[in-house]
Amino acid sequence: MIWNPSEGLHLGPINIRFYSLMFVVAFGLGWYIMKRIYINEKESLEKLDTLFIWTVLATLLGARLGHVFFYDWEYFRNHPLEILLPFKFEPEFQFTGFAGLASHGAAIAIIITMYFYSKKVIQRPLLWVLDRVVIPVACGAIFVRIGNFFNSEIVGKVTNSQFGIKFVRDYYSNQDAVSKTNISNPNEAYDAIVNNPKFADLLAQVPLKHPAQLYEAFCYVFVFFILLFLYWKTNAKEKHGLIFGTFLILLWSVRFIVEYVKESQGGIEESLGLFTTGQWLSIPFIMVGIYFMFMAEKPLPEDIEL
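Because the structure is predicted, anything quoted here is derived from the model rather than measured.

Asks: Could you give an account of the overall build of the protein chain, with specific residues and numbers?
Replies: From N to C terminus, the protein chain includes 13 helices and 7 strands. Taking 306 residues into account, the globule formula puts the C-alpha radius of gyration at 19 Å, and the protein chain, at 21 Å, falls close to it. Considered along the principal axes of its C-alpha atoms, the protein chain spans approximately 75 × 40 × 40 Å. Long-range pairs, those at least 24 residues apart, make up 69% of the contacts in the protein chain between residues at least 6 apart in sequence. Accessible surface, the protein chain: about 16,200 Å² in total, of which carbon and sulfur atoms supply 65%.

Asks: Tell me what's going on with a nonpolar patch on the surface, and back it up with residues and numbers.
Replies: A cluster of nonpolar side chains, Trp31, Tyr32, Phe52, Ile53 and Leu57, forms an exposed patch at the surface whose accessible area comes to about 490 Å². At the level of secondary structure, the elements contributing two or more residues to the nonpolar patch comprise helix 1 (18-40) and helix 2 (45-70). For the nonpolar patch, the element with the most residues is helix 2, which contributes 3 residues. Tracing the chain through its elements places Trp31 in helix 1. Overall, the relative accessible area of 32% leaves Trp31 in the partly exposed class.

Asks: With reference to specific residues and values, describe the pattern of salt bridges.
Replies: If you walk through the whole model with that rule in mind, you get 9 salt bridges. Where Lys47 meets Glu43, a salt bridge forms, and the shortest distance between an N and an O atom there is 3.6 Å. We classify Glu43 as buried; its relative accessible area is 13%. For Lys262, the salt bridge identified is with Glu216, shortest N-O distance 2.6 Å. Highlighted residues: Lys262 in the loop between helix 11 (242-258) and helix 12 (269-272) and Glu216 in helix 10 (residues 212-233), separated in sequence by 46 residues.

Asks: I'd like to hear about the nonpolar core, residue by residue, with values.
Replies: One finds Tyr38, Met114 and Leu227 to be the most contacted residues of the largest nonpolar core, which totals 50 residues. Top element by residues in this core is helix 5 (residues 126-150). It accounts for 13 residues. Once residues lying within four places of it in the same chain are set aside, the contact partners of Leu227 are Val134, Ile135, Ala138, Ile243, Thr246 and Phe247. Among the nonpolar cores identified, the runner-up in size contains 11 residues, and Tyr190, Ile193, Phe199 and Val206 belong to it.

Asks: Give me the lowdown on the environment of Asp201, citing residues and values where you can.
Replies: Relative to the helices and strands, Asp201 is located in helix 9 (residues 200-205). Residues Asp201 and Phe256, 55 residues apart in the sequence, show an inter-C-alpha distance of 36 Å.

Asks: Provide a residue-level description of the sheet that holds strand 7 (residues 208-209), including the pertinent values.
Replies: The strand order across the open sheet formed by 3 strands is 1-6-7, and the pairing between neighbours is mixed. If you trace the sheet from one side to the other, it starts and ends with strand 1 (2-3) and strand 7, each paired once. Two strands pair when backbone bridges link them, and strand 1 and strand 6 (residues 165-167) are joined in this way by 2 bridges, in the parallel orientation. The residue bridging Ile2 from the neighbouring strand is Lys166, located in strand 6.

Asks: Kindly report on the packing of aromatic side chains, identifying the contributing residues and their values.
Replies: One pass over the structure, following the stated rule, counts 20 aromatic pairs. Taking 5.3 Å as the distance between ring centres and 80 degrees as the angle between the ring planes, the aromatic pair formed by Tyr115 and Phe116 counts as edge-to-face. What links up through ring pairs into an aromatic cluster is the set Trp3, Phe18, Phe149, Phe150 and Phe167. Taking NZ or CZ as reference, Arg124 lies 4.2 Å from the ring centre of Trp128, over its face. The ring centre of Tyr231 lies 4.9 Å from the NZ or CZ of Lys237, which sits over that ring.

Asks: Outline the environment of Met22, listing residues and values.
Replies: Summarising the element assignment, Met22 is placed in helix 1. In this view, Met22 contacts Phe143, Ile146 and Gly147; residues no more than four positions away in its chain are not counted.

Asks: Quick one: what's the story with the side chain of Gln213, residue by residue and with numbers?
Replies: Within the fold, Gln213 resides in helix 10. Taking relative accessible area as the criterion, Gln213 reaches 1% and is therefore assigned buried. With residues up to four places along the chain from it excluded, the contact list for Gln213 reads Arg145, Asn148, Phe149, Ser152, Glu153, Ile154, Val155 and Phe167.

Asks: A description of the environment of Ile154 should follow, citing residues and the corresponding values.
Replies: Among the structural elements, Ile154 can be located in the loop between helix 5 and strand 6. Sequence separation between Ile154 and Glu259 is 105 residues, and the spatial gap between their C-alpha atoms is 9.9 Å. Excluding residues that lie within four positions of it along the chain, Ile154 makes contacts with Arg145, Asn148, Ala212, Gln213, Lys262 and Gln265.

Conventions used here
- Residues numbered from 1 in each chain as written.
- Predicted model: local features only at pLDDT ≥ 70, side-chain atom pairs only at ≥ 80, totals over all residues.
- Heavy atoms only, no water.
- Helix = DSSP H or I, 4+ residues; strand = E, 2+ residues; numbered from the N terminus.
- Rg over C-alpha atoms; globule rule 2.2 N^0.38 Å.
- Contact = heavy atoms within 4.5 Å.
- Areas by Shrake-Rupley, 256 points an atom, 1.4 Å probe, with all protein chains shown as cover.
- Patch = residues over 30% accessible without salt bridge, like charges linked within 9 Å, V, L, I, M, F, W, Y side chains within 5 Å.
- Salt bridge = Lys/Arg side-chain N within 4 Å of Asp/Glu carboxyl O.
- Buried < 20%, exposed > 50% of the residue type's maximum accessible area, 1.4 Å probe, protein only.
- Core = buried A, V, L, I, M, F, W, Y, C linked by side-chain atoms within 4.5 Å.
- Pairing = 2+ DSSP bridges.
- Phe/Tyr/Trp six-rings, centres within 6.5 Å; stacked < 30°, edge-to-face > 60°.
- Lys NZ or Arg CZ within 6 Å of the ring centre and 35° of its normal.

This is the structure:
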């Protein structure tokens, strides 16, 4: 399979990137899922609006800072303005968007935010909130990885298996595509590499790689439905920390395993070795998940806060 998607949907002068659209879908479905949960728990939907806003901000800010500190600190320490601004200033000014988001950073930021939300807004135990919010988070993770697939990023290692995909936009940068085809428009240059026999040699150079993003997305579907089943069909929600712990174990175990077929993304693995950065960062989440899963207990009637 040759993968060369357009950057997004063109609606007149408006260009909606598929990656951004997947985030919208993720947050939209997350809001709907939590609405059903809040109705079931007889909680005010006004509190849900606050949860939605806080979660969106925590996800984006945490994911950005996670990428900065876990994966590319050597670069950003010398370019601090680019941490929270969607521009490159060197070697020339360029709009880049926020190229670089890390799910581990988003997870940490969401947990911290839920602590303040539990204390200041909903006034429920932190684990009560986390047991519920991880359900839409697992759903959102599916669409984020699909967005990565559309962006041809976080690709897998070279493979000869039947699952291999030629990620044309991963192998050739915009500048490479333009210079090698002498076509000034990057999208037209990519299309020429894929469809014009004149550039067949360029297409032949693109190796087959594992679609690691789709592997993760597929596995996250099962994580989501397991959590959904635990909440709606069992008494797991009555044991504070059980669903949250299950989520941490399942989701980060998937991440740990899929990392074996991903290309290296740098970060702390360069100094620690043995595992990838994504695997090293997943291990603490899995250990915390095991703790909460086995220590979960039904709360006392007075619902003591943690």
